[in-house]
Amino acid sequence: MRMSTNIILAIESSCDETAISVVRFNGDSLEILSNEISSQVNLHAQWGGVVPNLATREHVKNITPLLNLSLRNAGIGISEVDAIAVTQGPGLIPALMIGTGFAKTLAYLWKKPLIGIHHIEGHIYANFISKYSNLELQVAKLKNKESLLQNSPNIKFPILCLVVSGGHTQLVLMKNHFKYQIIGQTLDDAVGEAFDKVARILNIGYPGGPAISVYAEKQKELTDSYKIKFPRPMINKPGYNFSFSGLKTAVLYETKKNPENLKNKNYIAEVCHEFQQAAIDVLISKTIKAAEKYSPKTIMLAGGVSANKELRKQLGEAITKNFKDTTYCIPPIELTGDNAAMIGAAACLRYAKLGTEQKRRTFTNWKSIQPDANLKMK
Ligand code: KG4
Ligand code: ZN
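Rules used in this analysis
Residues numbered from 1 in each chain as written. Chains lettered and ligands numbered in written order. Predicted model: local features only at pLDDT ≥ 70, side-chain atom pairs only at ≥ 80, totals over all residues. Heavy atoms only, no water. Helix = DSSP H or I, 4+ residues; strand = E, 2+ residues; numbered from the N terminus. Expected span 1.5 Å × (residues − 1). Buried < 20%, exposed > 50% of the residue type's maximum accessible area, 1.4 Å probe, protein only. Arc of directions from axis to C-beta. Contact = heavy atoms within 4.5 Å. Pairing = 2+ DSSP bridges. Axes fitted to C-alpha atoms, helices over the stretch in contact; angles between N-to-C directions. pLDDT = per-residue confidence, 0-100. Donors = N, O, S within 2.8 Å, 3.2 Å for Na, K, Ca; no water. Near = heavy atom within 4 Å. Polar contact = N/O pair within 3.5 Å; in protein donor to acceptor, adjacent residues only side chain to side chain. Areas by Shrake-Rupley, 256 points an atom, 1.4 Å probe, with all protein chains shown as cover. Nonpolar A, V, L, I, M, F, W, Y, C, P; charged D, E, K, R; others polar.

Attention shifts here to helix α6 (residues 191–202). With twelve residues, α6 should cover 16 Å at 1.5 Å per step; its first-to-last C-alpha distance of 17 Å lies within 8% of that length. Of the positions making up α6, those classed as buried are Val191, Gly192, Ala194, Phe195, Val198, Ala199 and Leu202. Buried residues along α6 cover an arc of 155° about the axis, so they all sit on one side. On its buried face, α6 sits against β7 (159–164), β8 (169–174), α7 (208–219), α8 (245–257) and α9 (265–294). Trailing α6 by a residue or two, asparagine 203 shows a phi angle of about 55°, which is positive.

Let us now look at the sheet that holds strand β10 (residues 298–302). If you trace the five strands from one edge of the open sheet to the other, you get β9-β8-β7-β10-β11, paired in mixed fashion. Strand pairing shows two members of the sheet lacking a second neighbour, β9 (180–185) and β11 (327–329), which therefore form its edges. Each adjacent strand pair in this sheet contributes to an overall mean axis angle of 20°, direction not counted. Lying over the sheet, helix α10 (residues 309–322) contacts β7, β10 and β11, oriented at roughly 170° with respect to β11.

Take the confidence of the model for the protein next. Confidence in the prediction for the protein averages 92 pLDDT; 93% of positions are at 70 or higher. Low confidence marks residues 146–150, where pLDDT is under 50. Its contacts with residues over four positions away, or in another chain, come to eleven contacts.

What follows concerns the coordination of the zinc ion (ligand 2). Around the zinc ion (ligand 2), the protein contributes the donor atoms His119 (NE2), His123 (NE2) and Asp338 (OD), at 2.0 to 2.1 Å from the metal centre. One chain supplies every donor for the zinc ion (ligand 2), spaced along it as H-x3-H-x214-D. Of the two residues, histidine 119 sits in helix α4 (residues 119–125) while aspartate 338 sits in the loop between β11 and α11 (341–353), which places them 219 residues apart along the sequence. Histidine 119 gets classed as buried once you look at its relative accessible area, which sits at 8%.

A word on the site of ligand 1. His123, Gly166, Asp196, Gly209 and Gly304 are the nearest of the 20 residues found near ligand 1. The contact in question runs from an oxygen atom of ligand 1 to an N or O atom on the side chain of histidine 123, over 2.9 Å. In the complex, the protein chains occlude 84% of the 550 Å² of accessible area that ligand 1 would expose alone. Only α4, α6 and α7 provide two or more residues apiece to the shell around ligand 1. Take the shell around ligand 1: its biggest share by element is four residues, from α7. Residue composition of the shell around ligand 1, grouped by class: five nonpolar, 13 polar and two charged.

Within the secondary structure layout, isoleucine 98 lies in helix α3 (residues 93–110). In this structure, the C-alpha to C-alpha distance between isoleucine 98 and proline 371, residues 273 residues apart in sequence, is 9.2 Å. When sequence neighbours within four positions are dropped, the list of residues in contact with isoleucine 98 reads Ser13, Thr56, His59, Val60 and Ile63.

Shown next as structure tokens:
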């Protein structure tokens, strides 16, 4: 791939996070200059899920202040931005419309190229970010998070990427940059969706993933057991597809046996632990089977559920046990959820790959980039 230095201003608004980031690529490493996020989690938590109208209102309110903050913290002026990137889809259409509309306006006013990025491509490319600017590092140090920022990926193709988010569960094979072959995916619920629905059944809060993992951790301290066992759906089926809807229903039936149990924190901890382990077992088993068939040089995790500590740990252990020469790559925790740095990372590499003529054409791209709730990755 032909590489050159570029600075991208990236915008993400596909769900309930408004985010703007400045990312620099110098032909060798991808560096975050700023990464600003305004999360709406607390607002949506009271409704138990994302309310599209409220999300849209918050995106409109937050996007301009975030732009100012992002440029200021990156310490750059508009003239230094080479191109603008925006999440084009998939996601909530009213939410995507705010981000793409804003990005198109900036591209038109500032006379910059516009690059539309697939949200999941962004999650995957969070793994390619290698550096944080001094400012970002200082902020991380203040927050005692610097250890999480030491990402030095040694990524080689082919890559097998396990994508686990609120809307997607996929095994993606990449023989090169931006070449995606989906070799397996969920037939019903995404794994993040299952975490969220199970948390709702247990009434332990939204988003469900973090809440379930906290309870699951508590199970390790328990001495008594309810001997709860959940199925590992499709674990022995050939192929690399997943199914999580039956697992969620199994949790529902278990909790209906005796509703009084739901008042007991130890019971909830055990349900969470067993549910989480069932999901992890299936994800790991299918990933290892796919790796046996496709022999990737790198196995990667991506998406919001990749914040799950047990999944990160257990997948790492399974890879070390089964494949001596395979690199295991996980995004820094800060970049597992929705953010704009990942969109900027993908856009930097896409932009660097373009020839002069193709770059010239992206200057009028703002006219053609439309939000697409069901955008396919290609
Ligand atoms: O990637 P993401 O931020 O948004 C989508 O693109 O969908 O993923 C959000 C999902 C939610 O379902 C949330 O419950 C899940 O990621 N999640 C987790 C954890 N943190 C977030 N799931 C399991 N364990 C976690 N620690
Ligand atoms: Zn996401």
